[in-house]
Amino acid sequence: MHDFETRLRARMREAAPDVPATVDAAVLAAGQEAARAFEARRRMRRIRTAAAAALVLVGLWLGVRSEGTPRALDVADAWRVATGREHDRRFDQNGDGRVDGADADAILTRITALPPRRKS
Amino acid sequence: MKVVGTRAMALVALLATAAWHMPQDPAQAPADAALQRTGTTFVAVDVFVDAGTNALAAWQAELRFADSKLVGIEGGAVQAFAEPPRYDPAALQGGRVVLAALAAGGAEGGPEGGADAGLPSGRVRVARLHLLAPAKGPGEPTVDGVVAADADGERIEVDVEVRRKEGK
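Residues numbered from 1 in each chain as written. Chains lettered and ligands numbered in written order. Predicted model: local features only at pLDDT ≥ 70, side-chain atom pairs only at ≥ 80, totals over all residues. Heavy atoms only, no water.

Draft legend 1. A look at the overall build of chain A. Counting its secondary structure elements, chain A contains four helices and zero strands. Out of the 120 residues belonging to chain A, those deemed buried represent 18%. When the accessible surface of chain A is totalled, it reaches about 9,900 Å², and 60% of it is carbon and sulfur. (Helix = DSSP H or I, 4+ residues; strand = E, 2+ residues; numbered from the N terminus. Buried < 20%, exposed > 50% of the residue type's maximum accessible area, 1.4 Å probe, protein only. Areas by Shrake-Rupley, 256 points an atom, 1.4 Å probe, with all protein chains shown as cover.)

Structure, rendered in structure tokens:
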């Protein structure tokens, strides 16, 4: 019997004090604040992922599209301009408002031009 | 009378001897000697374009010579490309040149001036280049950036060949 009481007494602990309501509210508020911050970070991560995916798609589109891509002028363009088959304003090389033989000449000059040599 | 005849004969003999020893072209001998000293020679190479069954209205190509210097450019063997092709004068004394030419006549004819009138087809010589090359001859040139067009201005497939001119 004595042993029982001794063991029981050894297991007894002081009861935890009552937590004031203000402490509970503060802990709850901190948790809510952390949850809000986590949610904001998660939203930003989604936006970043979506933006990266959009960039990749735009890059792929730019890479595969062919129509409308600027192309270097060549002798076929010069021939069409010289023979009056081409009237597109982008072939107006001298900016005189007309697409004519002078522009064909300018195209030939342009396509045969060599880069300046380096001075040794 | 006899004295005059003897003097005339002596003068003729003197002139004949002088003419025998005089070089054919006074400027040629020093030039040849200079070429021999530098181990170089002048070489002409022909540029051919083979358009197959298409009419060749315009062509361009970039040529690179690793061991030779360009010193002159002539036109081709057909009427349409008899004029020298367009090139940048800066290419002279260098080993790289971009040549481009529009067929004469066809361009003047305009769109209604007969589609293939006067335009060559098949393999034609479109230019001749003069090079200052090593004495053993120029190396194989690199041909790049070939573009050609038919009478309608459509791009066509062609073969460009550069060959050393045969004969002197």
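Continuing now.
Draft legend 2. Main features of the sheet that holds strand β3 (residues 69-75) of chain B. Residue and element names in this part refer to chain B. Reading across from one edge, β3-β5-β1-β7 is the order of the four strands in this open sheet, with antiparallel pairing throughout. Because the sheet does not close on itself, it has two edges, and the strands there are β3 and β7 (159-164). Each strand of the sheet is rotated relative to its neighbour by a mean of 25 degrees, with strand direction disregarded. When β3 meets strand β5 (residues 123-134), the two strands line up antiparallel, connected through six bridges. The residue of β5 that forms the bridge with G72 is H130. (Pairing = 2+ DSSP bridges. Axes fitted to C-alpha atoms, helices over the stretch in contact; angles between N-to-C directions.)

Draft legend 3. Representation of the side chain of D103 of chain A in the model. Residues and elements named next belong to chain A. For D103, the position within the fold is in helix α4 (residues 101-112). In this structure, D103 is buried with no salt-bridge partner, the nearest side chain bearing the opposite charge being R98 at 7.1 Å. A polar contact of 3.0 Å, which involves the side chain of D103, links it to the backbone nitrogen of Q93. With residues near it in sequence (within four places) discarded, D103 still touches V81, F91, D92, Q93, N94, D96 and R98. (Lys, Arg positive; Asp, Glu negative; His and termini not counted. Salt bridge = Lys/Arg side-chain N within 4 Å of Asp/Glu carboxyl O. Polar contact = N/O pair within 3.5 Å; in protein donor to acceptor, adjacent residues only side chain to side chain. Contact = heavy atoms within 4.5 Å.)

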